[in-house]
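Working through the structure, step by step
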Amino acid sequence: MEPDQDPDTDDLPLRANTNHILVRHYVLDLTVHFDRKVIGGNVVLFLEPCSGSGTTAEDHAGAKEGAFQCRPRDVDEQEVSTKGLGETPTGAKKSFSARGRDTPEVRALPGSGSAHTAAESGSSPLSHSWETNSGGEFTLLLDCCDLDVSKVEEVDVTSVSATASLLPHVAPRRSAVPSANPKAAFIQNLISVPSSRWRRQHQLFSLCSRAIGARDGGSLHFHRDRWSLQVRKKGVVSPLDFPRVLRICYETRPTGGSVRWTRDQDNRVCVYTAGSPINNRALFPCQEPPVAMSTWQAAVRAPRECVVLMSGEETTVPVEDGGTRSLIWHYYVTMPMPASTFTLAVGNWHQVTAESPPTLEQGLRDQADCSNVAKLGAGPGELGEADLMSGLGSSISVVKGSPFKTGSRDQTTSSDSAFSYSSFGDERLSLTDQSGTVDDGMPCSHGDYPCRFTERAARTQRVIPHRVFGPVCLLQKAQMAVLDLLPRCLAAAYHVLGVHPFPRLDVLIVPAGFCSLGMASPHIIFLSQSVLCAGTIGPGEEGPSLCGSRICHEIAHSWFGLVIGARDWTEEWISEGFATYLEDIIWAQAKQLSSQRTADEFDLKALLRWRRLSDELQNSEEQLQILRPHLEHTGQVGESGSSTIKHALNPDKTFMQVHYLKGYFLLRFLASQVGEKSFVNFIRVFVEKYHGQLILSQEFLQMLLVTFPNMERKGLTLGAIYADWLDRPGIPKWLYERNAVWSEARLVEEVKAEVGKWILLSQSPQGKGRKRKRTEPVVNYKEVTSEQLVMLLELLLEEEELSAATLEALQRTYALQNQDAEVKHRWCELVVKHAYTRAYGDVEHFLVHNQAMGVYLYGELMVQEDPEQQALARRCLSLVQEEIDHSARKVVEEMVL
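This section reports on the structure supplied with the text. Computed from a prediction, not measured in an experiment: that's the story for all the values here. (Residues numbered from 1 in each chain as written. Predicted model: local features only at pLDDT ≥ 70, side-chain atom pairs only at ≥ 80, totals over all residues. Heavy atoms only, no water.)

A look at the overall build of the protein
The criterion, for reference: The secondary structure listing takes helices from DSSP runs of H or I that are at least 4 residues long and strands from runs of E that are at least 2 residues long, numbered from the N terminus. Relative accessibility thresholds used throughout: buried, under 20% of the residue-type maximum; exposed, over 50%; partly exposed, between the two (1.4 Å probe, protein chains only). Residues are treated as being in contact if the distance between any of their heavy atoms lies within 4.5 Å. Here the accessible surface of atoms and residues is derived via Shrake-Rupley with a 1.4 Å probe, and residues count as covered only by protein chains that are part of the display.
Scanning the protein from terminus to terminus reveals 29 helices and 25 strands. Expressed as a percentage of the 897 residues in the protein, the buried residues total 63%. A sequence separation of at least 24 residues applies to 78% of the contacts in the protein between residues at least 6 apart. Accessible surface, the protein as shown: approximately 33200 Å² in total, 50% of it carbon and sulfur.

Next comes the structure, spelled out in structure tokens:
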């Protein structure tokens, strides 16, 4: 076992020993406690030992090309035999009911665990004792922090394995290790069930998760240090003999790094998963390395006035939790994904509809009575035989047509009504669409799961079912910005990239303290309120640009970041660079721009990004500028499978965009070598080949060079691309050359002409406000798009002096207080630079309502050494300090305090 990582460095350790044993499936049974701001319950892990310590990452990430024939998901819709499936052991009802809080074994109170949970550091005496007294026993290592673990036990699946006759005989997967132990053999057979029988498989996973603990469970010991949970069984020295099913009882902590407790914009308490940098290890013990691909199912209890949104393939109807005031929400996934992609949000969310949104008072009044929910026939929190036979028990409850009240009025979660489909009238997208070209029966290159890329219906589904949620006070903005744009963006993404990897999509407007403009996860997108302002629609614009482009960026992550992921998380550019590049193409398609207009907008955006990247690289450490920081060691792990993510905990990295921007420019460079259209077509072919798998940079680049051999003939080799773009800090030569071209683009020249007018005004007597009688200056200002306005303000920021009268005219001419957050940000920078005190209110409003974008604006307020500006910075920090993201607060406090 590798030594403990130093938690004081800025590298994040991945401790899980994935080369020894893998979690193939998680079953979570959780309760959200708003009174204590914790989430408690248990997680059941279904384990599979690897064939040897030399198992490679490729074995984990998915089978090689042609190893599996992928099956459509709709094969197994027939009824499942009821024989034996409902025979849940009586003991399970007493000790581990689905409620997860009736007995001390399930409820994990802080400090209530065994002595082995006390150690928080590898340097403690207890930790040293654990390390030195292993007796050669095998240790399961899980990534874990900020969790109070009370119990870890082996689950006795004997009673469930008695139903093994229900399982079809399947050949073990390639990495499987045969076992003479009947229980281990049963779990191996269960894990290996073909995707055509996934419903039956999930039923048995659910039954196993509710089984009683093994009689000799006392021989299972555990220990938790700063970054991991470690589990041993007395006398077991090999992963082959380690228990195949474990139950871990635990609680999160109110300040845990994976879970964010805060208040929404209606001032109601809510909780959501924060994503990186530590991902989900403070939500449940898991295997964090991306190679640990797994499926999961979850039951989440929450107060009945709340809505639970989660990564899940089907929408859900909440069911009653016995006589309590809670409801149970069930979700599941069948596509193996890294545990980091699991996403949860619980709050008083309301669904955005095409109708007039409710007032806050009406929404809160209606939400006080959410009694119209599905009923369970079994006892509190238990699954009855009939429920298990209906598919996945209450996880489905066959949702079609079932009413669910959440907020303003009755809503349904059926695919026919609660979900929106194509709500726009422009059918040009379908006339030009070339999707659905995958041949029937085409084998996928990934492991066996119900893959949408082989479904006939999915190949013609331009717009997947989608919903939008948010607090009451933002429903109208969300309706105008998100709900209207979403179907257009989904259809455009389908046109560009083909089959939507996921069958549905929820979008949630998250609280103001969210740390970025958006975050994509399977089946759900978090959007910041900063993207909602529609602003003033400029000439040639067919929707709010910031909101539309951000939606397209997050949708693009469904293909790059989710269904295709980076095998080494330090290669973030594979996710963010592709999403940034594709957002422009998808957004242009959604707006149905002409080829010339598309090219003009691409050049303008490229110049804006160049300026941002250039500024960032001048003000950051060189080691943070490298897209492949592990260089030739990228993708390599330790003997056990452990590794580190370089600089993941560095707070400065959180706000850097080098992986977005430098990755974007690399893709633009490659597109320039083969032609934009050919390059986008190649990306689509790449998706068809690599979906459902993890990749390194080399897989994409090598396939590109093979597809376009002329690139290598021109000297563009894999090594040259690494050297110029991925393995070095700074800016490649090509970018400097292209910057000169972009600076003379048509839309940029229009902006320069407008900037000249404002500079002349500022230098005139009228602009300087010297005339006794103030009159409106007679200047013919040209209308500009929102991106042009951003460029205009950036160029004005380069001027040493702008008068107050000029700034006042600028604000009035472009109605800057009504523009999107990108424009407002530049306006606030102008206000601060020129100490325009009459607009300090705009700066305060921006810092309070656009917290993800305003971090470095605090620094500009402080560096001016203006007492009034410094007081403004401190006042704004005091207003948001309870809700601002932890990483952002740390950076801001260093600047302000």
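Here the narrative resumes, following the displayed structure.
Points about helix α16 (residues 676-690)
We apply this condition: Under the convention used throughout, the expected extent of a helix is 1.5 Å for every residue step, that is, one less than its residue count.
Over its 15 residues, α16 runs 21 Å from end to end, which matches the ideal 21 Å to within 8%, given 1.5 Å per residue. Looking only at α16, the buried set comprises Phe679, Val680, Phe682, Ile683, Arg684, Phe686, Val687 and Tyr690. Where the residues of α16 are buried, they touch α10 (475-497), β23 (564-566), α12 (573-591), α15 (658-674), β25 (693-695) and α17 (697-707).

Observations concerning the packing of α10 against α16
Packed helix pairs are characterised by how far apart their axes lie and by the angle those axes make with each other. Our working definition: Lines fitted to the C-alpha atoms define the axes, with helices restricted to the stretch that makes contact. Angles between their N-to-C directions range from 0 to 180 degrees. Any angle that is under 35 degrees is reported as roughly parallel, and any over 145 degrees as roughly antiparallel; angles of 65 to 115 degrees are reported as roughly perpendicular and all others as oblique. Lys, Arg, Asp and Glu make up the charged group, whereas Ala, Val, Leu, Ile, Met, Phe, Trp, Tyr, Cys and Pro make up the nonpolar group; the residues left over, Gly among them, are polar.
At a minimum axis separation of 8 Å, α10 and α16 run at an interaxial angle of 90°. One element, α10, and the other, α16, form an angle in the roughly perpendicular class. Contacts from Tyr494, His495, Val496 and Leu497 in α10 reach Val680, Ile683 and Arg684 in α16. Per-class residue counts for the contact of α10 with α16 are five nonpolar, one polar and one charged.

Structural notes on the packing of helix α26 (residues 840-849) against helix α28 (residues 867-880)
Selection rule: Put simply, a crossing is left-handed when the front helix is turned counterclockwise from the back one by less than a right angle, and right-handed when it is turned clockwise.
Here α26 crosses α28 at 30°, and the two axes come no closer than 9 Å. Considered as vectors, α26 and α28 are oriented roughly parallel to each other. The way α26 lies across α28 gives a crossing that is right-handed. In this structure, α26 uses Tyr840, Val843, Glu844, Leu847 and Val848 to contact α28, whose residues at the interface are Glu868, Gln869, Leu872, Arg875, Cys876, Leu879 and Val880. The residue inventory of the contact of α26 with α28, partitioned by class, reads eight nonpolar, one polar and three charged.

Here we look at the sheet that holds strand β15 (residues 344-347)
Filter applied, for reference: Here, a strand pair is defined by DSSP locating no fewer than two bridges between the strands.
Taken in spatial order, the four strands of this open sheet run β9-β10-β15-β12, and their pairing is antiparallel. Each edge of the open sheet carries a strand with a single partner, namely β9 (259-263) and β12 (307-310). Adjacent strand axes in the sheet meet at a mean angle of 15° when their direction is disregarded. As defined by bridge partners, strand β10 (residues 269-273) adjoins β15 across two bridges and the pair is classed as antiparallel. Within β15, the residue paired with Tyr272 across the bridge is Ala345.

Concerning the pairing of strand β6 (residues 220-224)
Within β6, four of the five residues are buried, which leaves the element mostly enclosed by the surrounding structure. Sheet analysis places β6 next to strand β7 (residues 228-233), joined by five bridges and oriented antiparallel. Residue Phe222 lies in a different strand from β7, and its bridge partner there is Val231. With antiparallel pairing between neighbouring strands as the criterion, β6 and β7 make up a hairpin whose turn holds three residues.

A word on the side chain of Ser803
Heads up, the rule is: Pairs of N or O atoms within 3.5 Å make up the polar contacts considered here, provided that, within protein, one atom can donate a hydrogen while the other can accept it, and that residues adjacent in sequence are counted only when both atoms are side-chain atoms.
Here Ser803 is to be found in the loop between α23 (786-796) and α24 (804-813). In this structure the side chain of Ser803 is engaged in a polar contact, spanning 2.7 Å, whose partner is the side chain of Thr806.

Re the state of the cysteines
Our working definition: When two cysteine sulfur atoms are found within 2.5 Å, that pair is recorded as a disulfide.
Within the structure shown, the criterion is met by zero disulfides. Left unpaired, Cys552 is separated from the closest cysteine sulfur, that of Cys489, by 3.6 Å. Accessibility expressed as a relative area gives 0% for Cys552, which makes it buried. As a non-bridged cysteine, Cys876 has Cys828 as the owner of its nearest cysteine sulfur, 9.5 Å distant.

As for the pattern of salt bridges
Rules: Every case where a carboxyl oxygen of Asp or Glu lies within 4 Å of a side-chain nitrogen of Lys or Arg is listed as a salt bridge.
Going through the model one piece at a time under the given rule, you end up with 37 salt bridges. Between Arg609 and Glu583 there is a salt bridge, with the nearest N and O atoms lying 3.3 Å from each other. Here the residue Arg609 occupies a position in helix α13 (residues 595-618), and Glu583 occupies one in helix α12, the gap between them amounting to 26 residues. Of the two residues examined, Arg609 and Glu583, each falls in the buried class. Between Glu808 and Arg838 there is a salt bridge; the shortest N-O distance is 3.6 Å. Here Glu808 is found in helix α24, whereas its partner Arg838 is found in the loop between α25 (821-833) and α26, with 30 residues between them in sequence.

A word on the environment of Ser228
Position of Ser228 among the secondary structure elements: in strand β7. When its relative accessible area of 0% is taken as the criterion, Ser228 is described as buried. Sequence-wise, Ser228 and Gln287 are 59 residues apart; in three dimensions their C-alpha atoms are separated by 9.7 Å. Among the polar contacts made by the side chain of Ser228, one reaches the side chain of Gln230 at a distance of 3.2 Å.

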